[in-house]
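# Topology and contacts: notes
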Amino acid sequence: MFDTLYFIFQILAGLVVFVSVWGLLPLDHWWIRGVDFPRIQILVIGLVSLVGLLVLAPQWESWDVVLLLALIGAVGLQLRMVLPYTRLWKKEVRQALPIPDAVQIKLMVSNVLTPNDNTQALVDLVQQKNPDILITLESDQKWQDALSVIEPDYPYNVKVPLDNLYGMHLYSKLELIDPEVKYLLIDDIPSIHTQLRLPNDEVIWLYCLHPMPPSPTEADKSTTRDAELLMVGRHINENNQTAILAGDLNDVAWSKTTLMFQRISGLLDPRIGRFFINTFHVNYPFLRWALDHIFHSPCFTLVNIERLPSIGSDHFPVMTTLQYEACATAEQEENATEASVKDKIDTEAKIEEGKEEGERLSQEHAEAAAEQQQEELNEVAGGKHTVVR
């Protein structure tokens, strides 16, 4: 029995080592980049395998030693990725001070899942939590109609109802200045760019993103996802903007691209030094990771960040409360990692790659939409012909 258990732990250890090395390959294909997501799960399996090998090894052959050392290296790599998002790490964003009449902003992000019909759950949650800003992803006309009941409380809004899983809506109690819907890389994948006036009359930028994930059913590469995030990060930095970026980025916080985005943009992650906010997948507790994010300039401190109850989507909503503290800027700027020359070169290269890939995907999407439209027309024509007969 112990020999069988030991063999199982060897298999698991080998798998952890393989996956850890596989994820280091500098390629954008979904079957490589997909390894970025389950690093917490890989770490847990690696630690269990490590204990199993140490406890059950009948004798230490050279192969066992090699496997053990490789597993220790793999576990160390996974730890380095996920440890910053625990209390064992220094906070990147400090806790907000109890300032009288503090300027705070409550921002809720919710990927609603287009086929989800439980629209009232989100309406109830918004009315309960009363955020200043609500960002919905995957919201179509059905969701727009359902959310119309909150509009009296949210006089400023941007609506992009789409049925391609990339609809997007922004509802705000705070004034939006010159909001724009942009299609940065792919013709049917929107993002919202707007200025936002805070209660103290300070004007900041808000960016709402939902790029395509690397997936066998969507984008076969992460190129456009990575390029879109880096493009916005570069823009924030070059224009010296005070900004908040939020949305379902279809990436994890510890990925190479997200970390480079932080260095390029200078924005901070309030989860570092605190805890995971794993928002996806609602139905599989062991297979969850953070896809919904918020990053912000150093002039903001954190009041609270929480994962909210399920609304029937595959994502949990998240609400973050930030406090505007200009006096914290100098202190927190030191927590931001400065972009290297290599980062800037890699960013430019990735953006160019993203533009090329975006053109290809835009053409594919247009052709698919035309084919679907033609099929619908044929069905209608066939129905009419049947009726005439």
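All of these numbers come straight from a predicted model, not from anything done at the bench. (Residues numbered from 1 in each chain as written. Predicted model: local features only at pLDDT ≥ 70, side-chain atom pairs only at ≥ 80, totals over all residues. Heavy atoms only, no water.)

### Describing the pairing of strand 4 (residues 168-172)
- Most of strand 4 sits inside the fold, with 5 of its 5 residues counted as buried.
- The alternating pattern of strand 4 places Met168, Leu170 and Ser172 on one face and His169 and Tyr171 on the opposite face, and all of these are buried.
- Across 5 bridges, strand 2 (residues 133-137) lies against strand 4 in antiparallel orientation. Within strand 4, the residue paired with Ile135 across the bridge is Leu170.
- With 5 bridges joining them, strand 3 (residues 156-160) and strand 4 adopt antiparallel strand pairing. (Buried < 20%, exposed > 50% of the residue type's maximum accessible area, 1.4 Å probe, protein only. Helix = DSSP H or I, 4+ residues; strand = E, 2+ residues; numbered from the N terminus. Pairing = 2+ DSSP bridges.)

### Topic: the state of the cysteines
- Throughout the structure, instances matching the rule amount to 0 disulfides.
- Note on Cys208: no disulfide assigned, nearest cysteine sulfur contributed by Cys299 at a separation of 17 Å.
- With no disulfide of its own, Cys299 lies 10 Å from the sulfur of Cys327, the closest cysteine sulfur. (Disulfide = S-S within 2.5 Å.)

### Focus: helix 4 (residues 62-82)
- Between its first and last C-alpha, helix 4 extends 31 Å over 21 residues, near the 30 Å set by a 1.5 Å rise per residue.
- On its buried face, helix 4 sits against helix 1 (2-22) and helix 3 (39-56). (Expected span 1.5 Å × (residues − 1). Contact = heavy atoms within 4.5 Å.)

### Examining the packing of helix 7 (residues 223-238) against helix 8 (residues 256-265)
- Following both chains from N to C, one finds helix 7 and helix 8 inclined at 15°, their axes separated by 8 Å at the closest point. The angle between the axes of helix 7 and helix 8 places the two elements in the roughly parallel class. Of the two possible hands of crossing, helix 7 and helix 8 adopt the one that is right-handed. Mapping the contact onto sequence places Asp226, Leu229, Leu230, Gly233, Arg234, Ile236 and Asn237 in helix 7 and Thr257, Thr258, Met260, Phe261, Ile264 and Ser265 in helix 8.
- Its residues placed into classes, the contact of helix 7 with helix 8 shows 6 nonpolar, 5 polar and 2 charged. (Axes fitted to C-alpha atoms, helices over the stretch in contact; angles between N-to-C directions. Parallel < 35°, antiparallel > 145°, perpendicular 65-115°, else oblique. Left-handed = near helix turned anticlockwise from the far one by under 90°. Nonpolar A, V, L, I, M, F, W, Y, C, P; charged D, E, K, R; others polar.)

### What about the sheet that holds strand 1 (residues 103-111)?
- The sheet built from 6 strands is open, its strands ordered 3-4-2-1-11-10 with mixed pairing. Taken across any chain shown, the strands that pair with only one partner, and hence form the sheet edges, are strand 3 and strand 10 (300-307). If you compare each strand with its neighbour and ignore which way they point, the axes differ by 15° on average.
- Two elements, strand 1 and strand 2, share 5 bridges in a ladder whose sense is parallel. Paired with Leu107 across the two strands is Ile133, which belongs to strand 2.
- Helix 5 (residues 119-129) contacts strand 1, strand 2, strand 10 and strand 11 (318-324) of the sheet and is inclined by roughly 170° relative to strand 1.

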